[in-house]
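Tertiary structure, described
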Amino acid sequence: MSLSDVKKTLEEAAGALRSKQAECGIGGSSSVVDALTSVQESVSAKDNFNKVQEGIESIIVLQNTMETVIKDPSQLTPGGACFAGCAKGYGDQVALKLNVVKDDALGLGQEFAGLKDVMESALDGIASSWGGLVPELHKQVRELMDLPEELLKIARECEGGFDDIAKIDMGPIQRSLDISPLDGIATTIDSSKTSLSPAVAEVKDAVNKLRGFVTSAPKRVEESFQLMSCIPAAALAPPVYITVMEELRQLKKIDLSPVVEVLEKIISAIQGFDVSKLLDPIKDFVDFATSHLDQVTAALEAAKSAAAAEQQLEQLGEKAGEVGGWLEEGASKFEKLW
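Here the structure is a predicted model, which means the values were calculated and not measured.

If you tally the helices and strands in the protein chain, you get 15 helices and zero strands. Taking all 338 residues of the protein chain together, the buried fraction comes to 39%. A fraction of 89% describes how many contacts in the protein chain between residues 6 or more apart in sequence connect residues 24 or more apart. As displayed, the protein chain has an accessible area near 17500 Å², and 54% of this comes from carbon and sulfur atoms.

Laid out in structure tokens, this is it:
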């Protein structure tokens, strides 16, 4: 088989594999694996999860401030001499409204007391359950997706001549078609859904509550200090109002949206994981690729045999040349003797 024939066989196989990838949907399998990989990376890095702890700590500070103020109504005396007469009524009204906000903060504080443990348990559960499985899954699927390009690389090597063909090793490509470990990997990941999905969902719900409080609390507190709608709260509020509003400003700076997005991504990846949707396209592609690579291997072996034969002929030619040289040299010496 000529070099051009081998090159053509490789290029045709690469084209067939690329078409099969589109037909069987292995690209969808690759997307599933990419999603799992992204989740594992986020879990390992614990991106933005420190924001949750910051939010909890800020709520506790705010809760303590409001509790102190409510217990000491004198701190709620309105500013301005013209409001001195309504000091007690104003203080009672503010205390009543603040108490509602404080109770909400207290409830969140109690709910979040164990959130850190739940969150760490959920994240560590993903890390320990998946471990090295997802990287191995990613590696194997990536190798299958890269097969067409790998064949084209080998085809380009054929342009160098028979010497280059003799060096071509199809071993790595053949090994990439061994997907026997994938069944066990996929089953392990699938079985983790039962334990991990509820835990992550619980964390997400709690974080959403925290985010809701962070968003609504500043306005609720400001309204608590507002005696009349026509008078801004800041115009008559006591000094403690400034303290509370500053604590709320710090609380509002905590953006929990990235945390919620990561949790939603985790839930989507876990709940959406389907063993058959992952493996069926892969197995279909591997069966197809195996038959085509058998043809490629046969063509390469034929070319290697031809290369070996050519090399032997060259070596025989060299030896024949050497023998001819010896004969000429011997004849010359013989003539001199005579």
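Taken as a whole, the largest pocket holds about 180 Å³ of empty space. Contributing to the lining of the largest pocket are Glu-143, Leu-147, Glu-150, Ile-154, Glu-157, Lys-167, Ile-168, Asp-169, Pro-172, Ile-173 and Ser-176. If you list the elements that add at least two residues to the lining of the largest pocket, you get helix H7 (147-157) and helix H9 (171-176). Looking at the lining of the largest pocket residue by residue, the classes come out as five nonpolar, one polar and five charged.

This paragraph deals with the packing of helix H3 (residues 50-71) against helix H13 (residues 239-252). In the contact formed by H3 and H13, the axes pass within 9 Å of each other and the chain directions differ by 165°. Here H3 is positioned roughly antiparallel relative to H13, judged by the angle of their axes. In this structure, the crossing between H3 and H13 has a hand that is left-handed. Side by side, H3 and H13 meet where Gly-55, Ser-58, Ile-59, Val-61, Leu-62, Thr-65 and Val-69 of the first sit next to Val-240, Thr-243, Val-244, Glu-247, Leu-248 and Leu-251 of the second. Among the residues forming the contact of H3 with H13, the class breakdown is eight nonpolar, four polar and one charged.

Cut-offs applied
- Residues numbered from 1 in each chain as written.
- Predicted model: local features only at pLDDT ≥ 70, side-chain atom pairs only at ≥ 80, totals over all residues.
- Heavy atoms only, no water.
- Helix = DSSP H or I, 4+ residues; strand = E, 2+ residues; numbered from the N terminus.
- Buried < 20%, exposed > 50% of the residue type's maximum accessible area, 1.4 Å probe, protein only.
- Contact = heavy atoms within 4.5 Å.
- Areas by Shrake-Rupley, 256 points an atom, 1.4 Å probe, with all protein chains shown as cover.
- 1 Å grid on protein atoms, 1.4 Å probe; cavity = no way out; pocket = protein on both sides within 12 Å on 5 of 7 lines; lining within 4 Å.
- Points joined across faces, edges and corners; volume = space filled by probe spheres on them.
- Nonpolar A, V, L, I, M, F, W, Y, C, P; charged D, E, K, R; others polar.
- Axes fitted to C-alpha atoms, helices over the stretch in contact; angles between N-to-C directions.
- Parallel < 35°, antiparallel > 145°, perpendicular 65-115°, else oblique.
- Left-handed = near helix turned anticlockwise from the far one by under 90°.

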